[in-house]
Amino acid sequence: MRISIIGAGYVGLVTAVALATKGHNIIVIDVDNIKVDAINRGESPIWEEGLDELLLNCVRDDGSLKASSDYGEILDSDVTLICVDTISKSDGSLNLSNIEDSVKGIGTVLSKKRDYHVVVTRSTVIPGTTRNLIVPLLGKYSGKQVGSELGVAVNPEFMQEGKALQTSSHPDRIIIGEYDRKAGDMVRGIYDDISVPILRTDITTAEMIKSASNAFLTTKISFINEIGNICQKLGIDVYTVAKGMGFDHRIGDQFLNAGVGFGGSCLPKDLKALLFTSVNDLSYRPRLLEAVYDVNRDQAMRMIELAEQKLGNLANKRISILGLAFKPNTADIRVAPAIEIIRRLLEKGALIAAYDPEAMLDARRILPQARYCDSAIEAVSDSDCVLVLTEWNEFRDESLYHGKVVIDGRRILIPERAKAFCDYQGICW
Ligand code: UGA
C-alpha cells in the first residue's frame, strides 16, 4: 500500500520504518527540513535501538521509505496517517495546533485528488477530536464529502519507547475506529500480515481505547507505588508483593514495578488531558485519576525527602544523579522524574553531578546549572548521596556504590545485598 505519514517524531518515524519493513511504500512528511534531510540520508533524528540500521535499509537499499516537506506528496498515496505531536498546555489540555495545521494541509492537497483517500488519526487525542475537529476541517479544506469521497479512521499507536520497533511491529492488538466502512477496510489492509486481535469500532471509541489504556497503565504504577509506600512502613518488600499479585491472571505481572513514578511524553500528558476534558468539558470529576496524578507527583519528591532524612539540609551537599531519561534505552527526558527532582535539589542549594548514557544533550540544555559527567564512576565520586533515577543496566554494577549513601528509585540493586556494601535506601522498600 502507498502510505503517507505526517510527522517524523517518535510515532511517525517508528510507524514509517515498521510499515516500510513490511513492504509498504512510505512517504514521511514533516515541516522540519533538517529532519527530512536526515531521514533521506538514512539517519534517524531520534535515538532508538535498531532504528538507524532499519531506516538506512529502507531508504537506501529497497527505497521503500523517503521523506519530504511537501504535502503535495500525499497525492501519491492511498492512506495518510496523522502522527504529529500533541503537547500539554499549562492547564493540562492538549495543544492541537499541530493536528489542525496538518489536517488543513492534507485537506487542501486532497481537494485536487479525484480518487477515494483515507485520512487516519494515529496521534493520541482526546475522545471526540476526530469527529469534532478533524472531520469538519477535512471537509472544509478538501471541499469533499467526508465518509464517501474521503474516508476517515482512527488507528491508535501502542508502541513503547525503548522497544519501539518491536512494540510497533508486533502490537498486542490493533484498534481500527472507522468513520466509514471503506476507510476501516483500507486500514485493515495495512495489517494483512499481522495475526493479533483486531477490534473495529467507531472513531470515538477507538480514541477512548487509547486514552483509557494509558490511564490504566498510570493507575497500575501509582497503585503499586502507593502499596510500596505502605509496605515500607510495615517492613514488607513491595517487589515480593507485586510478584505474588502478578501470578493472578486478572492482575498480571506487568507495570507493577514500584519506584520513582512514571514520566515520558505520553502517560503524564494523556492522563492530564483526560482529567482536563472530564472536569472541564464533561463536568465529571474523575477522583481516581486525580489521585493517580497526585501520587505520581509526590512519589518523585519522596527521593528528596529521603535524601534530607540521610543528609539533613541539602544546601552545598554533593548529590549524584544516575539516570536522566524517563526510562532506560531512550534519550528522552520529557517529563522525566529526574528533571523535576534535579530542579528541586538545585532550589535547595544542592550541588548536582549527573550522568546518563544517552540523555545528557537535552538535559544540559534545559538544566545547565548541573554538572554533567562522562561516566557513572565520575558522577558518584566524592558524592554525599547517590540517587538512582533510571534503571540503565550499567547502573547495576555494585562497585559504583561501595561505601556510599544510595537512594534507589528504580530497584537497581538487590536491597539485602546492597545493605552490606553501602548505606542503602529504596524509595518504597
Ligand atoms: C506509553 C505506553 O506504555 C504505550 O503503550 C503507549 O503507546 C505510549 O505511552 C504512547 O502513548 O505513545 P512509553 O511512554 O514509551 O509508552 O513508556 P512506558 O514504557 O509506558 O513507561 C512510562 C513510564 O512509566 C516510565 O517512566 C517508566 O519508568 C514508568 N514505569 C513503567 C514504572 O514506573 N513502573 C512500571 O512498572 C512501568
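We now turn to the structure provided with this report. All figures in this text were calculated on a predicted structure; none of them were measured in a lab. (Residues numbered from 1 in each chain as written. Predicted model: local features only at pLDDT ≥ 70, side-chain atom pairs only at ≥ 80, totals over all residues. Heavy atoms only, no water.)

A look at the side chain of Arg 411
Among the secondary structure elements, Arg 411 is positioned in the loop between strand E15 (405-408) and helix H15 (415-418). Within polar-contact distance, the side chain of Arg 411 engages the side chain of Asp 237 at 2.7 Å. Beyond its immediate chain neighbours, meaning those up to four positions away, Arg 411 contacts Asp 237, Tyr 239, Arg 396 and Trp 429. (Helix = DSSP H or I, 4+ residues; strand = E, 2+ residues; numbered from the N terminus. Polar contact = N/O pair within 3.5 Å; in protein donor to acceptor, adjacent residues only side chain to side chain. Contact = heavy atoms within 4.5 Å.)

Overview of the sheet that holds strand E11 (residues 318-322)
Here we have six strands laid out as an open sheet, ordered E13-E12-E11-E14-E15-E16, and parallel in their pairing. The outermost strands of the open sheet, each flanked by one partner alone, are strand E13 (371-372) and strand E16 (423-426). Pairing of strand E14 (residues 385-388) with E15 involves three bridges; the strand directions are parallel. Across the sheet, residue Leu 387 finds its bridge partner in E15, namely Ile 407. (Pairing = 2+ DSSP bridges.)

Remarks on the site of the ligand
Around the ligand lies a shell of 21 residues, among which Met 159, Gln 160, Glu 161, Lys 210 and Lys 327 are the nearest. Measuring from an oxygen atom of the ligand, one finds a backbone N or O atom of Met 159 at 2.7 Å. Here Asn 257 contributes a backbone N or O atom positioned 2.9 Å from an oxygen atom of the ligand. Isolated, the ligand exposes 720 Å² of accessible area, and the fraction of that covered by the protein chains is 93%. For the shell around the ligand, the leading source of residues is helix H8 (residues 203-234), giving four residues. (Near = heavy atom within 4 Å. Areas by Shrake-Rupley, 256 points an atom, 1.4 Å probe, with all protein chains shown as cover.)

Comments concerning the sheet that holds strand E7 (residues 117-121)
Pairing is mixed across the open sheet formed by eight strands, whose spatial order is E3-E2-E1-E4-E7-E8-E9-E10. Only two strands of the sheet have a single neighbouring strand rather than two, namely strand E3 (65-68) and strand E10 (198-201). For this sheet the average axis-to-axis angle between neighbouring strands, irrespective of direction, equals 25°. One ladder, built from five bridges, connects E7 with strand E8 (residues 150-154); its direction is parallel. Each bridged residue has a counterpart across the sheet, and for Val 119 the counterpart in E8 is Val 152. Contacting strand E1 (2-6), strand E4 (79-82), E7 and E8, helix H4 (residues 97-110) runs over the sheet at an angle of about 165° to E4. (Axes fitted to C-alpha atoms, helices over the stretch in contact; angles between N-to-C directions.)

Details of the side chain of Ser 383
Within the fold, Ser 383 resides in the loop between helix H14 (376-380) and E14. Side-chain polar atoms of Ser 383 contact the side chain of Ser 320, separated by 2.8 Å. Sequence-distant contacts of Ser 383, that is, excluding residues within four places in its chain, are made with Arg 318 and Ser 320.

Considerations on the environment of Val 109
Looking at the secondary structure, you find Val 109 in helix H4. Judged by relative accessible area, which is 7%, Val 109 ranks as buried. Here the alpha-carbon distance between Val 109 and Gly 147, two residues 38 residues apart in the chain, equals 17 Å. Filtering out sequence-adjacent residues up to four positions away, Val 109 remains in contact with Tyr 71, Gly 72, Ile 74 and Leu 75. (Buried < 20%, exposed > 50% of the residue type's maximum accessible area, 1.4 Å probe, protein only.)

Re the nonpolar core
Core analysis: the largest hydrophobic core is formed by 66 residues, its most contacted members being Leu 324 and Tyr 401. The biggest single contributor to this core is helix H11 (residues 287-311), with seven residues. Once you skip the residues sitting within four places of it in the chain, Leu 324 turns out to touch Ile 333, Ala 336, Ala 338, Ile 342, Ala 354, Tyr 355, Asp 356, Ala 359, Met 360, Ala 363, Tyr 372 and Thr 390. Of all hydrophobic cores here, the second largest spans 39 residues; its members include Tyr 10, Val 36, Val 118 and Ala 153. (Core = buried A, V, L, I, M, F, W, Y, C linked by side-chain atoms within 4.5 Å.)

A word on helix H12 (residues 337-347)
Listed as buried for H12 are Pro 337, Ala 338, Ile 339, Ile 341, Ile 342 and Leu 345. The inward-facing, buried residues of H12 abut H11, E11, strand E12 (351-355), helix H13 (360-366) and E14. The positive-phi residue at the C-terminal boundary of H12 is Gly 349, with phi of around 85°.

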